[in-house]
Amino acid sequence: MSDAKSIKFIVVPYRKNKDGVLQPGELRQASTEFGAVRIAQSIASGFAGIAAYEVLVDEEDGTMDAPRILFQDGAIPAMAE
């Protein structure tokens, strides 16, 4: 079993549904930490909340671990411990 993990930078916008529950929108990927923060800042006003994350992705199964918030604005759900 190889250790095929890589760091990815993603931006997740959040909207509230009709019941007021936060729902994630379409993920946007960035090539750098700075790029993720810039994307998040530029689109933040159109969403209830937005977050830019650094995550460790297992390339074999697509799972994401060790999220680190790089930027957040507005309402975002709490990360599970």
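What you see as residue numbers is a count from 1 along each chain, following the sequence as written. This being a predicted model, a pLDDT of at least 70 is required before a residue's local features are given, and a value of 80 or more before pairs of side-chain atoms are given or counted; all residues contribute to the totals for chains, interfaces and linings. To get the side-chain values, take all heavy atoms of the structure and skip hydrogens and water.

Observations concerning the confidence of the model for the chain
Close reading of the predicted structure is inappropriate where its pLDDT is low.
Link 1 in the chain: Confidence of the predictor in every single residue is expressed as pLDDT, which spans 0 to 100. Predicted confidence across the chain gives a mean pLDDT of 91, with 95% of residues reaching 70 or more.
Link 2 in the chain: Across the chain, helix α1 (residues 33-43) holds the top mean pLDDT of 97, while strand β5 (residues 64-74) sits lowest at 92. Starting at the N terminus, helices and strands are each numbered in turn, a helix being any DSSP run of H or I of at least four residues and a strand any DSSP run of E of at least two.

Examining the pattern of salt bridges
Link 1 in the chain: Throughout this description, the term salt bridge denotes a Lys or Arg side-chain nitrogen within 4 Å of a carboxyl oxygen of Asp or Glu. Across all of its chains, the model carries four salt bridges by this definition.
Link 2 in the chain: One salt bridge connects glutamate 59 with lysine 8, and the closest N-O pair in it is separated by 3.7 Å. Taken as a pair, glutamate 59 in the loop between β4 (49-58) and β5 and lysine 8 in strand β1 (residues 5-16) lie far apart in primary sequence, 51 residues in all.
Link 3 in the chain: Taking relative accessible area as the criterion, lysine 8 reaches 25% and is therefore assigned partly exposed.
Link 4 in the chain: In this structure, arginine 68 and glutamate 54 form a salt bridge, with 3.1 Å as the shortest nitrogen-oxygen distance. Only protein chains enter the calculation, and the probe is 1.4 Å; a residue is then buried if its accessible area is under 20% of its type maximum, exposed if over 50%, and partly exposed in between.

Points about the pairing of β1
Link 1 in the chain: For two strands to be treated as a pair, DSSP must find no fewer than two bridges joining them. As defined by bridge partners, β1 adjoins β4 across ten bridges and the pair is classed as antiparallel. Among the inter-strand pairings, serine 6 is bridged to a residue of β4, identified as valine 57.
Link 2 in the chain: For β1 and strand β3 (residues 28-30), the ladder comprises three bridges, and the chain directions are antiparallel. In the sheet register, isoleucine 10 faces β3, and the bridge partner there is glutamine 29.
Link 3 in the chain: Direction of pairing for β1 relative to strand β2 (residues 22-24): antiparallel, over a ladder of three bridges. Pairing of tyrosine 14 across the sheet is with proline 24, part of β2.
Link 4 in the chain: From the end of β1 to the start of β2, which pair antiparallel, there are five residues, and glycine 20 there has a positive phi angle of about 85°.

Here we look at α1
Link 1 in the chain: Along α1, the residues that are buried comprise Gly35, Ala36, Val37, Ala40 and Ile43.
Link 2 in the chain: Contacts between residues were defined by any pair of non-hydrogen atoms, one from each residue, lying within 4.5 Å. The inward-facing, buried residues of α1 contact β1, β3, β4 and β5.

Let's talk about the side chain of glutamate 54
Link 1 in the chain: With respect to the helices, strands and loops of the structure, glutamate 54 is situated in strand β4.
Link 2 in the chain: Given the relative accessible area of 17%, glutamate 54 is considered buried.
Link 3 in the chain: Discounting residues that sit within four places of it in the chain, glutamate 54 has contacts with Ile7, Lys8, Phe9, Glu33, Ala66, Pro67, Arg68 and Leu70.

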